[in-house]
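Observations on the model geometry
Residues per chain, in single letters:
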Amino acid sequence: MAHKSEDLFDCILMADDRFHVEGYREGFDEGTRQGMIDGRKHGASHGAKLSMEVSFYYGFGITWKCLLQNNTDVKARKRLKVLESLLGLIQKFPHEEPQYEYLQEDMEKVRAKFRQTSVIM
Amino acid sequence: MKDTLALLQKFNAHPDSRCWYVAWNPKGTLLASCGGDRAIRIWGREGDSWECKTVLQDGHQRAVRKVAWSPCGNYLASASFDATTCIWKKKNDDFECLTVLEGHENEVKCVAWAPSGNLLATCSRDKSVWIWEVDEEDEYECVSVVNSHTQDVKHVVWHPTQELLASCSYDNNVCVYKEEDDDWECRAILEGHTSTVWGLTFDPSGQRLASCSDDRTVKIWKECQPGGTDTAWKCVCTLSGFHGRTVYDIAWCPLTGALATACGDDGVRVFKEDETADPDQPVFSLSAHVPKAHSQDVNCIAWHPKEAGLLVSCSDNGEIAVWNYQSAV
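Residues numbered from 1 in each chain as written. Chains lettered and ligands numbered in written order. Predicted model: local features only at pLDDT ≥ 70, side-chain atom pairs only at ≥ 80, totals over all residues. Heavy atoms only, no water.

Focus on the interface of chain B and chain A
- Contact with chain B, which involves 17 residues of that partner, is made by 10 residues of chain A.
- Taking both partners together, chain B and chain A bury about 1,000 Å²; carbon and sulfur atoms supply 47% of that area.
- Ranking the residues of chain B by area buried against chain A places Glu141(B), Val145(B) and Asn147(B) at the top, with a combined share of 38%.
- Where chain B meets chain A, there are 5 salt bridges.
- With a shortest N-O distance of 2.2 Å, Asp182(B) and Lys81(A) are connected by a salt bridge. (Contact = heavy atoms within 4.5 Å. Buried area = accessible area lost by both parts, 1.4 Å probe. Salt bridge = Lys/Arg side-chain N within 4 Å of Asp/Glu carboxyl O.)

Observations regarding the sheet that holds strand β1 (residues 4-12) of chain B
All names here are of chain B.
- The sheet built from 4 strands is open, its strands ordered β1-β28-β27-β26 with antiparallel pairing. Each having just a single partner strand, β1 and β26 (298-303) make up the two edges of the open sheet. Pairwise comparison of adjacent strand axes, ignoring direction, gives a mean angle of 20° for this sheet.
- Two strands pair when backbone bridges link them, and β1 and strand β28 (residues 319-326) are joined in this way by 8 bridges, in the antiparallel orientation. Bridge pairing in β28 links threonine 4 to glutamine 326. (Pairing = 2+ DSSP bridges. Helix = DSSP H or I, 4+ residues; strand = E, 2+ residues; numbered from the N terminus. Axes fitted to C-alpha atoms, helices over the stretch in contact; angles between N-to-C directions.)

Some details on the packing of helix α2 (residues 74-92) of chain A against helix α3 (residues 103-120) of chain A
Residue and element names in this part refer to chain A.
- Between α2 and α3, whose axes approach to 10 Å, the crossing angle comes to 160°. Relative to α3, the element α2 is oriented roughly antiparallel. Our pair here, α2 against α3, has a crossing hand that is left-handed. For the pair formed by α2 and α3, the contact residues are Arg79, Val82, Leu83, Ser85, Leu86, Leu89 and Ile90 on the first element and Lys109, Val110, Lys113, Phe114, Gln116, Thr117 and Ile120 on the second.
- Partitioning the contact of α2 with α3 into residue classes produces 8 nonpolar, 3 polar and 3 charged. (Parallel < 35°, antiparallel > 145°, perpendicular 65-115°, else oblique. Left-handed = near helix turned anticlockwise from the far one by under 90°. Nonpolar A, V, L, I, M, F, W, Y, C, P; charged D, E, K, R; others polar.)

What to know about the UniProt feature "repeat: WD" (unreviewed entry) in chain B
Residue and element names in this part refer to chain B.
- With numbering aligned to this structure, UniProt lists the feature "repeat: WD" (unreviewed entry) at residues 22-43, 57-89, 101-142, 146-178, 190-222 and 291-329.
- Secondary structure across residues 57-89 divides into 0% helix and 52% strand, with the first and last C-alpha atoms of the span separated by 15 Å.
- What you have in residues 101-142 is 0% helix and 52% strand, and the ends, taken at the C-alpha atoms, are 9 Å apart. (UniProt positions renumbered as here; feature names shortened; annotations may be inferred.)

Focus on the pairing of strand β8 (residues 85-91) of chain B
Residue and element names in this part refer to chain B.
- As defined by bridge partners, strand β7 (residues 75-80) adjoins β8 across 5 bridges and the pair is classed as antiparallel. By the bridge assignment for β8, serine 78 is matched with cysteine 86.
- Between β7 and the antiparallel strand that follows it, β8, lie 4 residues; alanine 83 among them carries a positive phi value of about 75°.
- Direction of pairing for β8 relative to strand β9 (residues 94-101): antiparallel, over a ladder of 7 bridges. The residue bridging isoleucine 87 from the neighbouring strand is threonine 99, located in β9.
- Hairpin geometry of β8 and β9 is characterised by an intervening segment of 2 residues between the two adjacent antiparallel strands and by a positive phi of about 60° at asparagine 92.

Quick look at the structure:
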């Protein structure tokens, strides 16, 4: 009997605290779920931007390579060399690894190579 | 007998604007200056004074920041805030614009010719350093674009004897580049300055590099373990407490080994190296100082390539000053 009445008061006294903890847990779970969704969107959008950029450089490189391939003069040879270098850098680039430690550095190298290529053409 | 730095001549080179840079041609017969008025002026000696021989006015749309003579003396390159670099060919007393190098995204801060005469380097506020190659037909081609700096690149300078390039930046670092497989890459990053590094100069032998900075110090760097593909540089001396403000330019005399600096406190200083010091721990002392060399910031300082002791400086007030440095020893 005494046991039951203790529980009863316990319930009432600790109600505030209990609801606080429950509320926090529910909020945390909801936040985690929402965070996952937002993060996924964010990652997908950044990934898309990056691959759009890299694909643009690749397409540029392949197009000019096709145009200059059959040209035998010295200038064209030099330009092809630079194009091959650009295409090589892009092909080496790990497309599937977002955690690649040299991602930023290699992207800078690709961008610099593209700038050089666009000035040379 | 004390060391002296005496004023020989002072004249207004760029009316109502800054004079950004001055450069002697390899023979020392002409002086090129450039300024905020978008013009390049060529000065020649007439007896005891310097007279303006040519004005190149229409080459650029914005201020011309630096000019550089080719090692043969027949070409002049100018770097401008309009994002282009102009190559001028000397034809008797006049200059003709041969070609315009484009590619930088914004202000070009410096241009420099390699001692071989076949390569040219430019750097810009777009954080990149570009290396260009010249062929026999005067055609310029971009060989490399390097993005080693994380901020505005202020100056580039070539090694006097090797194919080595150094650059300095608003990111407080100095980068050293070497060629590998037709591509130029950063091989060393020299850290140490605590603010923007504005100028660089190699000593006559190329074994040491001096840098000057907004942190009011000058640092001397020496290559440790030279040779091989990699290069490592160590700071072997720091000159602090001599300059009141930013040190904008530094020049190592190829004839005497004296070091001159251009400072934001309007002063020009010359430092002499102590002959008895350990070569790995050089000691420099202030040999001569003119506190109010100009009435505004001194932007550039350059030693004459043939006449020992002849020094020229230029300032924000548009003036050029010619000095004679005499060492008592």
